[in-house]
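Examining the three-dimensional arrangement
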Amino acid sequence: MIFPITAIAAIAALPTAFAAVPYHGGPVVSNIEITTIFYGTGARFQSQINQFYTAIVNSPYVDWLSEYNTPTQKIGRGRLLTSFTETSNIQTHMVDNTDVHNYFVNLVKTGKISPNANSYYALHLQQSTKVDYVWYTNGVPNTCSTCSGCGAWHTFIKLADYGVNIPGVPYLYYGILPDCGGSSYDAIAISHELHETITDPAGDEAALAAWCDLNDTSGGEITDKCEFGPSSGSVVGADGKTYTVANSWSNVLNKCIATNPNIKTTTTTTTTKAATSTTKAVTSNATTTTKAVTSSATKTTTTTTTTTKASGTTKTTTKAPQTTGSTTGACSTFGATQCVNHVQYQCAYYNGNTLTWGAWGSC
């Protein structure tokens, strides 16, 4: 959720680092499509940040998140969709759940962005702009600001609350990424929010939580669990370069990782499809604006398999056999799979803290 600017900011609420992260039924982001928005002409490191996103989102850093598939969604690689610099009406102080919401809603209503279920808008601030994050405890508001108590965070907007109706797209997912100084961009914060957006994009609302530990007061999402170490690792990106990234918790390996060597990408299929969508935005004074947006979208499908190393140098691929057995109720081994009548079932935390079988694919 919130990436603290120092470990001290959350030392009073150490995460339950060795507890499995359960699934609560909410959405994940299957193939993330990133739009970077550099807020203000003073926003730094634009080309480097775009290169970073492009490299890591199409790499093993995303492949292993397939362990956080859900019964209805599978997680695979994504892409950097587009990027632009915001130069109009730049503010130096914004509040997240008012000013930032209004900013993004205006971008939708004016047709500057067209969100879909995979969209993630990474708002990279210039140094002179700060944003306040507000949350409530027993009805009492609490506030922290970027670079002063809070670092980066990700959250979402319920579009219908602002009169925006996009079929199949009830939410807009975004991240707040400040520039707190320094000689380089903050790769750890960027990758932290990326991983958590993929696995728990709407987790700020408990009813929409996906993969997170609601009992963990440090945040409880998969990257929050690793803030106190080991907090970072490395990955070879799509461009062949090595990048430092935030580690995230793996339920399967029971530790903090950047990549899982047992997850190997085997095939990638790319198709291009032209799509026309209509966005209908209704403002509070009952004025209706209809805008048709035609775009060409590239869909990338990545197939991954889990391999286990045998003795010597031979690798064997483990595939779920066609079996018969219980496909409902409790199970005992997290990540175990079984194939029954060509439906693949996985043992996972689908509802709270109890391991149960859930259908999540075909076999």
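Residues numbered from 1 in each chain as written. Predicted model: local features only at pLDDT ≥ 70, side-chain atom pairs only at ≥ 80, totals over all residues. Heavy atoms only, no water.

A word on the confidence of the model for the protein chain. Summarising the model, the protein chain shows a mean pLDDT of 80, and 71% of its residues fall at 70 or more. Here residues 6-17 is modelled with pLDDT under 50, and outside its nearest four sequence neighbours on either side it reaches 19 contacts, counting other chains as well. Low pLDDT, under 50, characterises residues 266-324; the stretch is placed with 108 contacts to residues that sit more than four places away or in other chains. (pLDDT = per-residue confidence, 0-100. Contact = heavy atoms within 4.5 Å.)

What follows covers the pattern of salt bridges. In total, this model carries 6 salt bridges according to the counting rule given. Among the ionic pairs, Asp213 bridges to Lys225, the shortest N-O distance being 3.0 Å. You can see Asp213 sitting in the loop between helix 4 (187-199) and strand 12 (232-236) and its partner Lys225 sitting in the loop between helix 4 and strand 12, a full 12 residues away along the chain. Residue Asp213 shares its accessibility class with Lys225, and that shared class is buried. In this structure, Asp216 and Lys225 form a salt bridge, with 3.3 Å as the shortest nitrogen-oxygen distance. (Salt bridge = Lys/Arg side-chain N within 4 Å of Asp/Glu carboxyl O. Helix = DSSP H or I, 4+ residues; strand = E, 2+ residues; numbered from the N terminus. Buried < 20%, exposed > 50% of the residue type's maximum accessible area, 1.4 Å probe, protein only.)

Okay, the sheet that holds strand 6 (residues 130-137) next. What links the strands of a sheet is backbone hydrogen bonding, and the strands pair in either a parallel or an antiparallel sense. Read across the open sheet, the 4 strands follow the order 4-6-7-8; overall the sheet is mixed. In this open sheet, the two strands that pair with only one neighbour each are strand 4 (93-95) and strand 8 (149-150). In terms of strand pairing, strand 4 meets strand 6 through 3 bridges, oriented parallel. Within strand 6, the position partnered with His93 by the bridge is Lys130. Against the sheet, helix 3 (residues 96-109) touches strand 4 and strand 6, its axis set at about 100° to strand 4. (Pairing = 2+ DSSP bridges. Axes fitted to C-alpha atoms, helices over the stretch in contact; angles between N-to-C directions.)

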